[in-house]
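# Per-entry structural report
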Amino acid sequence: MQEALTIETSFVLPLGDMTVAISSATELIEKRLDGHNKRVAYIAYRLAAQLEMAFDDLIDVIISGLIHDVGIIGIKNTASLFELDKEDILHAEVGYRLLRTIPELSTIALIVRGHHGEYQRVAEREPRREVFLSQLLSLADRVDVLLDYESDPLSQIDGVLEALDRRKGTRFHPEIVEAFAELAKVEAFWFDLFTMNFVDRLVSIANERSLYLDDDGLLRFGRFFSHVIDFRSHFTSTHSSGVAAIAVFLAEKSGFRGRELTLMKIAGYLHDVGKLAVPNYILEKDGYLTKDELNVIKSHTYYTKVILEKIRGFEEVALWAALHHQKLDGSGYPFHLKGEEIPLGARIITVADIFTALNEDRPYRKGVSENETAMILTEMAQKGWIDAAIVNLAISHYSEIRDLCLREQKLAGEKYRDFWGVSTKTGMVHLQSE
């Protein structure tokens, strides 16, 4: 009876939904990656099926394929991703270190870590399931790089097979090359690949491994997803943590309880996930943005909604996070909702975001004072832009909120420095050795 109650009250997180959302988020960073993660997952899945591997292997290779490039946040020059034999393998290590923070993804982390390993080198190790699945990803990844998706698929088959055969036994596992040669005979495989007529199928299979999580487990996944966004730059590494902390405080004062507060914290962590589509030079610009740059910024909340609404159970999170630049008078972007069309959770995230931004040091200004914060928030409420009741809560608890925000941002900054190994003397970033 107790076990049934625990499952009933747990949050069901479908892994297929979560990983395809992360896949879509990371593909925003580099336009040439559009669809890449999903195609790699599909190629690797079809290879695993061709090899008659176990169902658990199929799920692992799909999930690994969908998020194999999650470590792209560590790449400054993404051109190396598209060269057959000159990959930047740093992102595989970054992906591993991000993924291993989630116990449920420990196997996936190892598979991702090895997805650019050469067969000739890994073959000398003791054979392991993870190594073989990494080799599946390795070949699938390079096949996708070889293909020209603007040209006819079937006319490219011979060239792909020749390139793989030249690297058989050195770069790629011989058994996997041979399996791909058999798979390549199936025309429908190529048509599926080029039309992307497989994503729903992959997600459905991966969702067979849904997780039953308590609030702490759910927050672990929320933090992990936020690190994909936040660890991209020093500024973003602390902003989302501040917003999340303030949003939970204001939500609790507004009557939110239990799991609602957990989901609010995740919405705070992920409210800027769409900023992965915004180039770093805009995010970190030392000065005010141009009109064109502001137009690019305006896309980020749209992408936040598109990404988060892929995850069943995150419907409220998607709305609260994506509507944080709406205004009650309908003048906000990008949806121009007004009044009661904007849920209370989104209004809370809006005030938390503005409060955090005002109190942060930006490249072009210092954080503002308590009086200035109160004046700006009050003026925005009087103009009918943001919720006056939430503003009053924030102003009346200014010191408490400010201290809470600073504490959370300090911890987030320390995590960022620990992850990358940021030198406190030079400010230089490198991946911390182990």
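Relevant structure appears above.
I will try to describe carefully the structure that is included in this document. (Residues numbered from 1 in each chain as written. Predicted model: local features only at pLDDT ≥ 70, side-chain atom pairs only at ≥ 80, totals over all residues. Heavy atoms only, no water.)

To continue, consider the overall build of the chain. What the chain contains, in helices and strands, is 23 helices and two strands. A buried classification covers 55% of the 434 residues belonging to the chain. A sequence separation of at least 24 residues applies to 72% of the contacts in the chain between residues at least 6 apart. Summing over all exposed atoms, the chain offers an accessible surface of approximately 19400 Å²; the carbon and sulfur share of this is 51%. (Helix = DSSP H or I, 4+ residues; strand = E, 2+ residues; numbered from the N terminus. Buried < 20%, exposed > 50% of the residue type's maximum accessible area, 1.4 Å probe, protein only. Contact = heavy atoms within 4.5 Å. Areas by Shrake-Rupley, 256 points an atom, 1.4 Å probe, with all protein chains shown as cover.)

Following the criterion strictly, the structure yields 23 salt bridges and no others. D57 serves as the salt-bridge partner of R129, at 2.5 Å between the closest nitrogen and oxygen. Of this pair, R129 sits in helix α8 (residues 129-146) while D57 sits in helix α4 (residues 55-66), placing them 72 residues apart in sequence. On the basis of relative accessible area, R129 is assigned to the partly exposed category, the value being 32%. For the salt bridge of E93 with R113, the shortest nitrogen-to-oxygen distance reads 2.9 Å. Note that E93 is positioned in helix α5 (residues 90-99) and R113 in helix α6 (residues 106-113), a separation of 20 residues in sequence. Using a relative accessible area of 17% as the deciding quantity, one classes E93 as buried. Using a relative accessible area of 34% as the deciding quantity, one classes R113 as partly exposed. A single salt-bridge network, built from bridges that share partners, covers D56, D57, D60, R129 and R209. (Salt bridge = Lys/Arg side-chain N within 4 Å of Asp/Glu carboxyl O.)

Turning our attention to the packing of α4 against α8. The geometry of α4 relative to α8 is characterised by a closest axis approach of 10 Å and an angle of 55 degrees between their N-to-C directions. In terms of their interaxial angle, α4 and α8 are classed as oblique. For the pair α4 and α8, the crossing hand works out as right-handed. Here D56, D57, D60, V61, S64 and G65 of α4 come into contact with α8, specifically with R129, L133, L136 and L137. Its residues assigned to classes, the contact of α4 with α8 shows four nonpolar, two polar and four charged. (Axes fitted to C-alpha atoms, helices over the stretch in contact; angles between N-to-C directions. Parallel < 35°, antiparallel > 145°, perpendicular 65-115°, else oblique. Left-handed = near helix turned anticlockwise from the far one by under 90°. Nonpolar A, V, L, I, M, F, W, Y, C, P; charged D, E, K, R; others polar.)

Once that is clear, we can look at the side chain of H300. With respect to the helices and strands, the residue H300 is situated in helix α18 (residues 300-308). A relative accessible area of 1% means that H300 is categorised as buried. Polar side-chain contacts of H300 include one of 3.3 Å to the side chain of D272. Beyond its immediate chain neighbours, meaning those up to four positions away, H300 contacts D272, G274, K275, V278, H324, H325 and Y333. (Polar contact = N/O pair within 3.5 Å; in protein donor to acceptor, adjacent residues only side chain to side chain.)

A few words on the environment of P279. Tracing the sequence through the fold places P279 in the loop between α15 (259-270) and α16 (280-283). Between the alpha carbons of P279 and I297 there is a distance of 9.3 Å; along the sequence they are 18 residues apart. In this structure P279 touches R232 and V296, once residues within four positions along its chain are discounted.

Right, let's get into the nonpolar core. One finds F180, F225 and L250 to be the most contacted residues of the largest nonpolar core, which totals 124 residues. Take this core: its biggest share by element is nine residues, from helix α14 (residues 236-253). F180 has contacts with I43, L47, L139, V143, V160, L161, L164, F189 and W190, leaving out every residue within four places of it along the chain. With five residues, the next largest nonpolar core counts I282, L283, I297 and Y333 among its residues. (Core = buried A, V, L, I, M, F, W, Y, C linked by side-chain atoms within 4.5 Å.)

Turning our eyes to something else, we now look at α18. When α18 is considered as a whole, its buried residues turn out to be H300, T301, T304, I307 and L308. Down the axis of α18, the buried set is contained in an arc of 125 degrees. They therefore lie on one face. (Arc of directions from axis to C-beta.)

So, on to the environment of V306. Among the structural elements, V306 can be located in helix α18. Distance from V306 to A322, taken between C-alpha atoms, is 8.8 Å for residues 16 residues apart in sequence.

Attention now moves to the side chain of S240. Along the chain, S240 falls in helix α14. Contact partners of S240, with chain neighbours within four places excluded, come to D230, G268, Y269 and H271.

With 16 residues, helix α13 (residues 215-230) extends 21 Å from end C-alpha to end C-alpha; this agrees with the ideal 22 Å at 1.5 Å per step. Looking only at α13, the buried set comprises G217, L218, L219, F221, G222, F224, F225, S226, H227, V228, I229 and D230. In this structure D214 caps α13, since a side-chain oxygen of it lies 3.2 Å from the backbone nitrogen of D216. (Expected span 1.5 Å × (residues − 1).)

With that settled, consider unusual backbone geometry. The omega torsion across Y333 and P334 is 0 degrees, close enough to zero to call that bond cis. With phi around 55 degrees, E52 is a residue other than glycine that occupies positive phi space. One can find E52 in the loop between α3 (36-50) and α4. By relative accessible area, which is 72% here, E52 ends up exposed.

Attention now goes to the packing of aromatic side chains. Scanning the model with the defined rule gives 15 aromatic pairs in all. Judged by centre distance (5.1 Å) and plane angle (70 degrees), the rings of F189 and W190 are edge-to-face. A relative accessible area of 0% places W190 in the buried class. Both rings, one in F231 and one in Y416, keep their centres 6.2 Å apart while their planes meet at 65 degrees; by these two values the pair is edge-to-face. Here F231 is found in the loop between α13 and α14, whereas its partner Y416 is found in helix α23 (residues 398-420), with 185 residues between them in sequence. The exposure classification of F231 matches that of Y416, with both residues buried. Aromatic rings pair up to connect Y42, Y45, F180, F189, W190 and F198 into one cluster. The positively charged end of R39 is found above the aromatic ring belonging to Y149, 4.1 Å away from the centroid. Across the ring face of Y96, the terminal group of R113 is positioned such that the distance to the ring centre comes to 3.8 Å. (Phe/Tyr/Trp six-rings, centres within 6.5 Å; stacked < 30°, edge-to-face > 60°. Lys NZ or Arg CZ within 6 Å of the ring centre and 35° of its normal.)

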